[in-house]
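The residues making up each chain are set out below.
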Amino acid sequence: MNILITGASKGIGRAIAQELKKLGNIYVTARNEKALQELRPADYFLCDLSNEYELSKLGDFIADKKIDVLVNNAGEYIYSDIDKTTINKLNHIIAVNLKAPIYLMNKAIPYMKGKKWGRIINIGSISGVMGEAHASLYSATKAGLIGLSKASGLELAEYGITVNTINPGWVDTELGKCSINESEFSEKEILECIPQRRFVEPKEVAGLVKYLISEEAKGITGQSINLCAGLSVGI
Ligand SMILES: NC(=O)c1ccc[n+]([C@@H]2O[C@H](COP(=O)([O-])OP(=O)(O)OC[C@H]3O[C@@H](n4cnc5c(N)ncnc54)[C@H](OP(=O)(O)O)[C@@H]3O)[C@@H](O)[C@H]2O)c1
């Protein structure tokens, strides 16, 4: 297996890279070179996903490496009222969270189709399932990934390619901490809203990715899977 993981320099992406390393050749991408090198991957590619030129070069890298497992994990969070945002913020978050995953799928799928096997996992968010006040741009991009995975899962079913979205709740990472700090709630108040009264750990997301790329999970496609310590179910 040739596996590419975006946003592998820290947090959830790093945990996924560490978990999947045992299964095949790991290719990683992000902006922090040192952190990518530390993973000792088969190869890495430095890329700012908001930069169209760099994104297109990453697309070439993917086609060249014959990637058959694509994990679109990289993402940014933005806390901004819908009426206070700017066109630049809007373009940036859509470019990183939605346009880049679509483009990278576009570059990976031809090889997967030829092989009649492939796995694509998009990391969404529970904010794209439930909605998150003051994070409508972020929620919209993450909901977009769910639609993308459903439609492309249908389109690619006959080629043995599965496409799924994992929607984490609050995960204990830099992005998770930043979203708590920017919100109007304290960490204690947030924990009180989570049925399991805890944050999800990056390794739990990595474990689910590992399952979704396994032979046993070949029947799971187009799905939107919540990994949120019960957050999406109710209080
Ligand atoms: N943590 C949570 O609570 C939570 C909850 C739900 C969903 N998620 C989703 O899970 C995914 C991973 O989040 P995380 O919590 O692990 O975040 P994180 O710790 O902040 O890591 C984000 C990763 O994405 C990369 N990245 C960010 N912007 C990039 C850009 N413009 N170009 C290239 N790479 C970029 C970062 O790499 P560099 O900085 O090295 O470029 C880093 O490797 C995201 O899609 C996030 O939306 C997280």
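See above for the structure.
Small disclaimer: the values here were computed from a predicted structure and weren't measured.

## Section: the pairing of strand β6 (residues 161-168)
Counted residue by residue, β6 has eight buried out of eight residues, so it is predominantly covered. Side chains of β6 alternate between two faces, with Ile-161, Val-163, Thr-165 and Asn-167 and Thr-162, Asn-164, Ile-166 and Pro-168 buried alike. Relative to β6, strand β5 (residues 118-123) runs parallel, the two being bridged by six bridges. Considered in β6, the bridge of Gly-118 is made with Ile-161. Here β6 runs beside strand β7 (residues 224-227); their pairing, made up of four bridges, is parallel. Residue pairing for β7: Asn-167 is matched across the bridge by Asn-226.

## Some words on the site of the ligand
The environment of the ligand is formed by 30 residues, the closest being Ser-9, Arg-31, Asn-73, Tyr-138 and Thr-173. Contacts to the ligand include Ser-9, whose side-chain N or O atom sits 2.7 Å from an oxygen atom. Here an oxygen atom of the ligand sits 3.1 Å away from a polar atom, N or O, in the main chain of Asn-32. When isolated, the ligand has an accessible area of 890 Å², and the protein chains bury 95% of it. Of all elements in the fold, only α1 (11-20), α6 (136-156) and α7 (174-182) reach the threshold of two or more residues within the shell around the ligand. If one sorts the elements of the shell around the ligand by residue count, α7 sits on top with three residues. Split into classes, the residues belonging to the shell around the ligand amount to 13 nonpolar, eleven polar and six charged.

## Focus on the packing of helix α3 (residues 52-64) against helix α4 (residues 87-115)
For the pair α3 and α4, the least separation of the axes is 8 Å and the interaxial angle reads 30°. The angle between α3 and α4 falls in the class roughly parallel. Our pair here, α3 against α4, has a crossing hand that is right-handed. In this structure, α3 contributes Glu-52, Leu-55, Ser-56, Leu-58, Gly-59, Asp-60, Ile-62 and Ala-63 to the contact, and α4 contributes Lys-99, Ala-100, Tyr-103, Leu-104, Lys-107 and Ala-108.

## Some remarks on the nonpolar core
Counting 36 residues, the largest nonpolar core has Ile-5, Ile-16, Leu-20, Ile-166 and Val-209 as its most contacted members. Taken together, the elements giving at least two residues each to this core come down to β1 (2-6), α1, β2 (25-30), β4 (69-72), β5 and α9 (202-212). When neighbours within four sequence positions are excluded, Ile-5 is seen to be in contact with Gly-13, Ile-16, Ala-17, Leu-20, Ile-26, Tyr-27, Val-28, Thr-29 and Val-71. If you look at the next biggest cluster of nonpolar residues, it comprises 24 residues, including Leu-70, Leu-145, Leu-148 and Leu-156.

## Quick notes on α4
Each turn of an α-helix holds 3.6 residues, which means side chains three or four residues apart point in the same direction. Over its 29 residues, α4 extends 41 Å from the first C-alpha to the last, a length consistent with the 42 Å expected when each residue adds 1.5 Å. The largest bend in α4 amounts to roughly 45° and is located at Ala-95. Restricting attention to buried positions, one finds in α4 the residues Ile-93, Ala-95, Val-96, Asn-97, Leu-98, Ala-100, Pro-101, Leu-104, Met-105, Ala-108, Ile-109 and Met-112. Looking one or two residues past α4, Lys-116 carries a phi angle of roughly 55°, positive in sign.

## Details of the sheet that holds β4
If you trace the seven strands from one edge of the open sheet to the other, you get β3-β2-β1-β4-β5-β6-β7, paired in parallel fashion. One side of each edge strand has no neighbouring strand; the edge strands of this open sheet are β3 (43-46) and β7. Pairs of neighbouring strands in the sheet enclose a mean axial angle of 15°, with direction left out of account. Contacts from α1 reach β1, β2, β4, β5 and β6, with the element oriented near 165° to β1.

## Quick look at the side chain of Asp-68
Structurally, Asp-68 is set in the loop between α3 and β4. Residue class for Asp-68 comes out buried when judged on its relative accessible area of 2%. For Asp-68, the residues in contact, after removing those within four places along its chain, are Met-1, Asn-2, Tyr-111, Met-112, Lys-115, Trp-117, Gly-118 and Arg-119.

Conventions used here
- Residues numbered from 1 in each chain as written.
- Predicted model: local features only at pLDDT ≥ 70, side-chain atom pairs only at ≥ 80, totals over all residues.
- Heavy atoms only, no water.
- Buried < 20%, exposed > 50% of the residue type's maximum accessible area, 1.4 Å probe, protein only.
- Helix = DSSP H or I, 4+ residues; strand = E, 2+ residues; numbered from the N terminus.
- Pairing = 2+ DSSP bridges.
- Near = heavy atom within 4 Å.
- Polar contact = N/O pair within 3.5 Å; in protein donor to acceptor, adjacent residues only side chain to side chain.
- Areas by Shrake-Rupley, 256 points an atom, 1.4 Å probe, with all protein chains shown as cover.
- Nonpolar A, V, L, I, M, F, W, Y, C, P; charged D, E, K, R; others polar.
- Axes fitted to C-alpha atoms, helices over the stretch in contact; angles between N-to-C directions.
- Parallel < 35°, antiparallel > 145°, perpendicular 65-115°, else oblique.
- Left-handed = near helix turned anticlockwise from the far one by under 90°.
- Contact = heavy atoms within 4.5 Å.
- Core = buried A, V, L, I, M, F, W, Y, C linked by side-chain atoms within 4.5 Å.
- Expected span 1.5 Å × (residues − 1).
- Bend = angle between axes of the 7 residues up to and from the residue.

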